[in-house]
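Coordinates in review
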Amino acid sequence: MASKIAIPLIFLAVVYLAGTTIATGAKPSFIKSSCATVRYPAVCVKSLSPFAKTIQNSPAQLAHTALAVSLKQSQSTQDYFNKLKRFKGLKPRELSAIKDCLEVVSDSLDRVSKSIKELKTCERAKGQEFLWHMSNVQTWVSSALTDENTCTDGFGGRAMEGRIKTSVRAQIARVAHVTSNALALVNNFAKKH
């Protein structure tokens, strides 16, 4: 008797799960196919998949979400540097490089934040107005990426080898990867518009 009830329940569960997958399947596949065009596709899929429901199949929403992910990672990186500069036992050159990184990450944060606002304006614009706003977004995100990469320059040379340098490079790599992906997705949105 129990097996007679179990078989229909299992069938219903399979049908339900299959229907759920089919209903939401387009969103993750849209993210995966869009992320296939960026420099860090695995990072892209991992960072944007949690937002599949919001992104749907919208290139504009995908670009906006990618910028929001970059902003959040930039904020996290800024917090990291604020804590790191209070670390006891830093060499004077390390402290100086950390302060420089904090400054460029703050600039990057500002540029990505402005880009998010500009992209919202861009979505409502047409023709030359769209191109002008999109150019602003592309310039600011590109500049933010340059800022992030500039940070690691301060940790060059053998004198800076060690845990601090390794930690800083890993932190900057995370934010640079999501920002690079965001720029690629913004550029893709601009081409499709």
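None of these values were measured; they are calculated from a predicted model.

1. So, unusual backbone geometry
The residue Gln56 is not glycine, and still its phi comes out positive at about 55°. Here Gln56 shows up in the loop between α4 (52-55) and α5 (59-84). Assessed through its relative accessible area of 38%, Gln56 is described here as partly exposed.

2. As for the pattern of salt bridges
Applying the stated rule across the entire model yields one salt bridge. In this structure, Asp147 and Arg111 form a salt bridge, with 2.2 Å as the shortest nitrogen-oxygen distance. A residue pair is termed long-range when its members are at least 10 positions apart, and Asp147 in helix α7 (residues 127-151) and Arg111 in helix α6 (residues 92-124) qualify at 36 residues. Overall, the relative accessible area of 12% leaves Asp147 in the buried class.

3. A closer look at a negative patch on the surface
Taken together, Asp100, Glu103, Asp107 and Asp110 make up a surface patch of like negative charges. Within the secondary structure, Asp100 is located in helix α6. On the accessibility criterion, Asp100 (45% relative accessible area) is partly exposed.

4. As for the nonpolar core
Formed by 34 residues in total, the largest nonpolar core has its most connected members in Leu48, Leu67, Leu119 and Met134. Those elements that place two or more of their residues in this core are α2 (26-35), α3 (41-48), α4, α5, α6, α7 and α8 (163-192). The element contributing the most residues to this core is α8, with eight residues. Ignoring anything within four residues of it in the chain, the contact list for Met134 reads Leu119, Cys122, Val186, Phe189 and Ala190.

5. Here we look at empty space enclosed by the protein
Under the defined criterion, the tally for this structure stands at one cavity of 30 Å³ or more. As a volume, the largest cavity reaches approximately 30 Å³. Every residue lining the largest cavity is listed: Cys44, Ser47, Leu48, Ala66, Val69, Val178, Asn181 and Ala182. Those elements that place two or more of their residues in the lining of the largest cavity are α3, α5 and α8. Looking at side-chain class alone, the lining of the largest cavity contains six nonpolar, two polar and no charged residues.

6. As for the packing of aromatic side chains
Two descriptors summarise a pair of aromatic rings, namely the distance from one centre to the other and the angle between the planes of the rings. Summed over all chains, the structure comprises two aromatic pairs. Relative to Phe81, the ring of Tyr80 has its centre 5.1 Å away and its plane inclined at 70°; by these criteria the two rings are edge-to-face. Judged by relative accessible area, Phe81 falls into the buried class, the value being 0%. Between Phe130 and Phe189, the aromatic rings sit 6.0 Å apart at their centres with planes inclined by 80°, giving edge-to-face as the arrangement. One end of the pair, Phe130, is in helix α7; the other, Phe189, is in helix α8, with 59 residues separating them in the sequence. For Phe189, a relative accessible area of 8% translates into the label buried.

7. Some words on the packing of α6 against α7
Remark: α6 packs on α7, axes separated minimally by 8 Å, with the N-to-C direction vectors making an angle of 160°. Classified by the angle between their axes, α6 and α7 sit roughly antiparallel to one another. The element α6 and its partner α7 pack so that their crossing is left-handed. Across the contact of α6 with α7, the residue classes tally to 13 nonpolar, six polar and six charged.

Procedures and definitions
- Residues numbered from 1 in each chain as written.
- Predicted model: local features only at pLDDT ≥ 70, side-chain atom pairs only at ≥ 80, totals over all residues.
- Heavy atoms only, no water.
- Helix = DSSP H or I, 4+ residues; strand = E, 2+ residues; numbered from the N terminus.
- Buried < 20%, exposed > 50% of the residue type's maximum accessible area, 1.4 Å probe, protein only.
- Salt bridge = Lys/Arg side-chain N within 4 Å of Asp/Glu carboxyl O.
- Patch = residues over 30% accessible without salt bridge, like charges linked within 9 Å, V, L, I, M, F, W, Y side chains within 5 Å.
- Areas by Shrake-Rupley, 256 points an atom, 1.4 Å probe, with all protein chains shown as cover.
- Lys, Arg positive; Asp, Glu negative; His and termini not counted.
- Charge placed at Lys NZ, Arg CZ, Asp CG, Glu CD.
- Core = buried A, V, L, I, M, F, W, Y, C linked by side-chain atoms within 4.5 Å.
- Contact = heavy atoms within 4.5 Å.
- 1 Å grid on protein atoms, 1.4 Å probe; cavity = no way out; pocket = protein on both sides within 12 Å on 5 of 7 lines; lining within 4 Å.
- Points joined across faces, edges and corners; volume = space filled by probe spheres on them.
- Nonpolar A, V, L, I, M, F, W, Y, C, P; charged D, E, K, R; others polar.
- Phe/Tyr/Trp six-rings, centres within 6.5 Å; stacked < 30°, edge-to-face > 60°.
- Axes fitted to C-alpha atoms, helices over the stretch in contact; angles between N-to-C directions.
- Parallel < 35°, antiparallel > 145°, perpendicular 65-115°, else oblique.
- Left-handed = near helix turned anticlockwise from the far one by under 90°.

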